[in-house]
Amino acid sequence: MSRLYNCSNCPGYCCSYPNIPLTKRDVERLAEHFGIGFKEAKQKFTMERYGEKYAMRRKDDVHFGRICRFFDTENRRCTVYSARPSTCRAYPGKGRCGYYDFLMAERAHQDDPEFIAGTWNK
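So, the overall build of the protein chain
Helix and strand content of the protein chain: 4 helices and 6 strands. Starting at the N terminus and ending at the C terminus, the protein chain contains elements arranged as α-α-β-β-β-β-β-β-α-α. In terms of its C-alpha atoms, the protein chain occupies a principal-axis envelope of roughly 50 × 40 × 25 Å. Counting only residues that meet the buried cut, the protein chain has 34% of its 122 residues in that class. Taking as baseline every contact in the protein chain between residues at least 6 positions apart, the subset at least 24 positions apart corresponds to 56%. Charge separation in the protein chain, taken as the distance between the mean sites of 22 positive and 15 negative side-chain charges, equals 7 Å.

Right under this line is the structure:
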């Protein structure tokens, strides 16, 4: 099945979810990516959130308020794509991204190929 969306045309909506759960293996993968130990990676990159032992730390974002700490907010891209968490690897799960459908419809309606929903009041 081919994907019915293109992440390179999206401003990273899924990266703005309030909780990006991580597995122990995800933290290990990030540690390997940065050449640091598990404990350091856990401390630098994760926090306990919504009952999850490992959840991604977040940072400020002009479009969505908060976003994954590894998201490049200027270029709107993942900076750890090869080491991204399993949640990100599986997204959206069914081959179609609802936000992408909404975004493409809004861009057509606004006649603006770079429109990002949520920024019109900023």
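Looking at the packing of aromatic side chains
All chains considered together, the criterion is met by 10 aromatic pairs. Look at Phe64 and Tyr99: their rings are 6.3 Å apart centre to centre, the planes differ by 80°, and that puts the pair in the edge-to-face class. In this pair, Phe64 sits in the loop between β3 (58-61) and β4 (65-68) while Tyr99 sits in helix α4 (residues 98-110), placing the two residues 35 residues apart along the sequence. On the basis of relative accessibility, which here comes to 10%, the residue Tyr99 falls in the buried class. Plain terms: the ring middles of Tyr99 and Phe102 are 6.0 Å apart, the flat faces sit at 50° to each other, and that makes the pair tilted. Taken together, the positions of Tyr99 and Phe102, both in helix α4 and 3 residues apart, correspond to about one turn of that helix. In this structure an aromatic cluster arises from ring pairing among Tyr13, Tyr17, Phe64, Tyr91, Tyr99 and Phe102. Seen from the ring of Phe38, Lys24 lies directly overhead, with NZ or CZ sitting 5.7 Å from the centre. The ring of Tyr81 carries the charged tip of Arg84 above its face, separated from the ring centre by 3.8 Å.

Section: the side chain of Arg58
Note on placement: Arg58 falls in strand β3. Here the side chain of Arg58 touches Ser16 through a polar contact of 3.0 Å, landing on its backbone oxygen. Apart from residues lying up to four places away in sequence, Arg58 is in contact with Ser16, Tyr17, Pro18, Arg49, Arg66, Ile67, Cys68 and Arg69.

Side note on the environment of Asp60
Mapped onto the secondary structure, Asp60 falls in strand β3. A residue is classified by how much of its surface remains accessible, and Asp60, at 57% relative accessible area, is exposed. Asp60 sits 25 residues away from Gly35 along the chain, and the two C-alpha atoms are 25 Å apart. In this structure Asp60 touches Gly65, Arg66, Ile67 and Thr73, once residues within four positions along its chain are discounted. Here the side chain of Asp60 touches Arg66 through a polar contact of 2.8 Å, side chain to side chain.

What counts and what doesn't
- For every chain, the first residue of the written sequence is number 1, and numbering continues from 1 onward in sequence order.
- Selection of residues for local features in this predicted model requires a pLDDT of at least 70, selection of side-chain atom pairs for listing and counting requires 80 or more, and totals for whole chains, interfaces and linings are taken over all residues.
- The side-chain quantities take in all heavy atoms of the structure and omit both hydrogens and water.
- What counts as a helix is a DSSP run of H or I of at least four residues, what counts as a strand is a run of E of at least two, and both are numbered from the N terminus.
- The rule is simple: take the accessible area with a 1.4 Å probe, protein chains only, and divide by the maximum for that residue type; under 20% is buried, over 50% is exposed, in between is partly exposed.
- By the convention used here, residues are in contact when the closest approach between their heavy atoms is within 4.5 Å.
- None of His or the chain ends enter the tally, which takes Lys and Arg as positive and Asp and Glu as negative.
- Charge coordinates come from a single atom per side chain, which is NZ of Lys, CZ of Arg, CG of Asp or CD of Glu.
- Classification of ring pairs uses Phe, Tyr and Trp, with its six-membered ring standing for Trp, and accepts pairs whose centres are within 6.5 Å; under 30 degrees between planes counts as stacked, over 60 as edge-to-face, and the remaining range as tilted.
- Counting as a charge over the ring demands two things of the Lys NZ or Arg CZ atom: a distance within 6 Å of the ring centre and an angle within 35 degrees of the ring normal.
- Under this definition, polar contacts are N or O atom pairs within 3.5 Å; protein pairs additionally need one hydrogen-donor-capable and one acceptor-capable atom, and for neighbouring residues in sequence, both atoms have to be side-chain atoms.

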